Every structure is written in structure tokens, then in C-alpha cells.
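Structural description and commentary
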Amino acid sequence: MDTTPHKYRLTVWQHGELLGFFETDAPRAHEALATITAQLPAEQGFRTQRLVAYGERRILESGPDGLRLLGAEALFQAVPSVETSAE
């Protein structure tokens, strides 16, 4: 069993319009996304896509005191065969 923590993003559309996304790295995040997705029925025009983080982009500052992390952005890729579509 893979116990490596993962960060997930769930992107949500309704009738082709992007509504937004939800990100989580909570314990059992994969199950949480399944719970949320179950509340977004295709019959009502919802489409979702699950993404998983595979790395991150970091913005660093180099100064006399060394390196300082200014920001980090997760890089996501689609989780195979979990996209659902209503259109």
C-alpha cells in the first residue's frame, strides 16, 4: 500500500463553464475527492477532472544570507481514467 502523501486538485465545470478547483493534501485526500465528485452529478451538467501533484516549481531569492524560498507552486498532471463528463 502506498502511504506517500499526495496533493490532489479537483477541477469542476458545469455546462462547459469552469466553476473552480479544490486542492487538498489531507489524509485520505483521494477518498475526499471521490465524496465531492459524487455530489456533482453529470445529469446536472457537471464535469470533473482529478489531478495529482508530481512536483513543484519554487521561486528562490539569493542574497548575502543565502537562499530564501519566496514561493512554491504545485505542478499537476491528470489522474488516468477518472474524468467524468456530462456533455
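Residues numbered from 1 in each chain as written. Predicted model: local features only at pLDDT ≥ 70, side-chain atom pairs only at ≥ 80, totals over all residues. Heavy atoms only, no water.

**Things to note about the nonpolar core**
Put simply, the rule is: In these notes, a set of buried Ala, Val, Leu, Ile, Met, Phe, Trp, Tyr and Cys residues joined through side-chain atoms within 4.5 Å is what counts as a nonpolar core. For every residue, the accessible area (1.4 Å probe, protein chains only) is compared with the maximum for its type, and the residue is labelled buried under 20%, exposed over 50%, or partly exposed between those bounds. Only DSSP runs of H or I reaching four residues or more are called helices, and only runs of E reaching two or more are called strands; each is numbered from the N terminus. The contact criterion used throughout is that any non-hydrogen atoms of two residues lie within 4.5 Å.
Among the nonpolar cores identified, the biggest contains 9 residues, and these are Tyr8, Leu10, Val12, Ala29, Leu33, Leu40, Phe46, Val52 and Val79. Counting only elements with at least two residues in this core, the list comes to strand 1 (8-14), helix 1 (29-38) and strand 3 (46-63). With 3 residues, strand 1 is the single largest residue contributor to this core. Excluding its chain neighbours within four sequence positions, the residues that come into contact with valine 52 are His6, Lys7, Tyr8, Leu75, Phe76, Gln77 and Val79.

**Quick word on the pairing of strand 2 (residues 17-24)**
Short version of the rule: Here the rule is simple: two strands pair whenever DSSP picks up at least two bridges between them.
When strand 1 meets strand 2, the two strands line up antiparallel, connected through 7 bridges. Paired with tyrosine 8 across the two strands is threonine 24, which belongs to strand 2. Here strand 1 folds back onto strand 2 in antiparallel fashion, the turn holding 2 residues, of which histidine 15 has a positive phi close to 50°.

**Here we look at helix 1**
Our working definition: This arc is built from the directions going out from the helix axis to the C-beta atoms.
Looking only at helix 1, the buried set comprises Ala29, Leu33 and Thr37. Buried residues of helix 1, seen end-on, are gathered within an arc of 80° and therefore sit on one face of the element. When the buried face of helix 1 is taken as reference, the exposed residues oriented beyond 90 degrees from it are Thr35 and Ala38. For helix 1, the secondary structure elements touched by its buried residues are strand 1, strand 2 and strand 3.

**Brief notes about unusual backbone geometry**
Even without glycine at this site, histidine 15 takes up a positive phi of about 50°. Since its relative accessible area comes to 59%, histidine 15 is described here as exposed. Even without a glycine there, the phi angle at arginine 28 is positive, about 60°. Of note, arginine 28 is situated in the loop between strand 2 and helix 1. Arginine 28 gets classed as exposed once you look at its relative accessible area, which sits at 67%.

**Some thoughts on the sheet that holds strand 4 (residues 66-78)**
To be explicit about the condition: Only the stretch in contact is used when fitting a helix axis, every axis being a line fitted to C-alpha atoms; angles between N-to-C directions are given from 0 to 180 degrees.
Taken together, 4 strands build an open sheet; the order of strands is 2-1-3-4 and the sheet is antiparallel. Each edge of the open sheet carries a strand with a single partner, namely strand 2 and strand 4. Each strand of the sheet is rotated relative to its neighbour by a mean of 30°, with strand direction disregarded. Sheet topology note: the strand 3/strand 4 ladder contains 12 bridges and is antiparallel. Bridging from a neighbouring strand, arginine 58 pairs with alanine 72 of strand 4. Seen against the sheet, helix 1 touches strand 1, strand 2 and strand 3 and runs at an angle of roughly 10° to strand 1.

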